[in-house]
Amino acid sequence: QVTSAIEKKWHQYRLERADAVEPGKMALRFYVNKHGKIEDLEFLFKESNPLMEDFTIEAILKANIPPIPKDLLLILDKERLPMEYNIVIHP
């Protein structure tokens, strides 16, 4: 659900800012807390233009992520869900 919510927002921004989309790649790491909010967002690497990086961050922060079910957090023995998000744009 997390990835789907982010992808939905990312594709919306990609269409709105088509002039900023160029070949490149990036990987981000972040956590989703029990309320569905993003924490500690960081790039693991980025080989892309700054405008794509900006709308990718915006898509992650503004995605409509539901609260994380308590039973999932108990199974993982975590307070928040660790996530990685990767993007590759081919020429």
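Structure shown above.
Quick caveat: nothing in here was measured; it's all calculated off a predicted structure.

Let us look at the overall build of the chain. From N to C terminus, the chain includes three helices and three strands. Dimensions of the chain, computed from the C-alpha atoms along their principal axes, are close to 40 × 25 × 20 Å. Across the chain, the fraction of contacts at a sequence separation of at least 24, relative to all contacts at a separation of at least 6, is 70%. Summing over all exposed atoms, the chain offers an accessible surface of approximately 6000 Å²; the carbon and sulfur share of this is 52%.

Moving on, we come to the sheet that holds strand 2 (residues 38-47). Taken together, the three strands give an open sheet; going across it, the order is 2-1-3, and neighbouring strands pair in antiparallel fashion. Of all the strands in the sheet, just strand 2 and strand 3 (80-89) have a single pairing partner and so form its edges. Strand after strand, the sheet turns through a mean of 15° between neighbouring axes, direction not considered. Here strand 1 (residues 24-33) runs beside strand 2; their pairing, made up of seven bridges, is antiparallel. By the bridge assignment, methionine 26 is partnered in strand 2 with lysine 46. This element, helix 1 (residues 2-16), spans strand 1 and strand 3 of the sheet and lies at about 40° to strand 3. Seen against the sheet, helix 2 (residues 50-62) touches strand 1, strand 2 and strand 3 and runs at an angle of roughly 155° to strand 2.

A few words on the pattern of salt bridges. In this structure the tally under the stated criterion is seven salt bridges. Salt-bridge contacts for arginine 17 lead to glutamate 58; the nearest nitrogen and oxygen are separated by 3.1 Å. Linking arginine 17 in the loop between helix 1 and strand 1 with glutamate 58 in helix 2, this pair joins segments that are 41 residues apart in sequence. According to the relative accessible area criterion, arginine 17 is partly exposed, its value standing at 28%.

Quick look at helix 1 now. Helix length check: helix 1, at 15 residues, gives a terminal C-alpha distance of 22 Å against a target of 21 Å (1.5 Å per residue), a fit within 8%. Where helix 1 is concerned, the buried positions are Val2, Ala5, Ile6, Trp10 and Tyr13. The buried residues of helix 1 all sit within an arc of 125° when viewed along its axis, so they share a single face. Exposed residues pointing more than 90 degrees away from the buried face of helix 1 are listed as Lys8 and Leu15. Where helix 1 is buried, its residues meet strand 1, helix 2 and strand 3.

On to the nonpolar core, then. With 24 residues, the main nonpolar core has Val2, Ile6, Phe30, Val32 and Ile65 as its most contacted residues. Elements supplying a minimum of two residues to this core: helix 1, strand 1, helix 2 and strand 3. Once residues lying within four places of it in the same chain are set aside, the contact partners of phenylalanine 30 are Val2, Ile6, Ile38, Glu39, Asp40, Leu41, Ile60, Leu81, Pro82, Met83 and Tyr85.

Cut-offs applied
- Numbering of residues begins from 1 in every chain and follows the order in which that chain's sequence is written.
- Local features in this predicted model are restricted to residues of pLDDT 70 or higher, and side-chain atom pairs are both shown and tallied only at a pLDDT of 80 or more, whereas totals for entire chains, interfaces and linings draw on every residue.
- Each side-chain value is worked out from all heavy atoms of the structure, with water and hydrogens disregarded.
- Strands here are runs of E lasting at least two residues and helices are runs of H or I lasting at least four, both read from the DSSP assignment and numbered beginning at the N terminus.
- Contact definition: two residues touch when any of their heavy atoms are within 4.5 Å.
- Under the convention used here, a 1.4 Å probe and the Shrake-Rupley method define accessible areas, while residue burial counts only the protein chains that appear.
- What makes two strands pair is DSSP finding at least two bridges between them.
- Lines are fitted to the C-alpha atoms to define the axes, a helix being fitted only along its stretch in contact, and any angle between axes, read from their N-to-C directions, falls within 0 to 180 degrees.
- The working definition used for a salt bridge is a side-chain nitrogen of Lys or Arg within 4 Å of a carboxyl oxygen of Asp or Glu.
- Using a 1.4 Å probe on the protein chains alone, a residue whose accessible area is under 20% of its type maximum counts as buried, one over 50% counts as exposed, and one in between counts as partly exposed.
- The span one expects for a helix is its residue count, reduced by one, times 1.5 Å.
- Note that the arc is computed from the directions linking the helix axis to the C-beta atoms.
- To define a nonpolar core, start from buried Ala, Val, Leu, Ile, Met, Phe, Trp, Tyr and Cys residues and group those joined through side-chain atoms within 4.5 Å.

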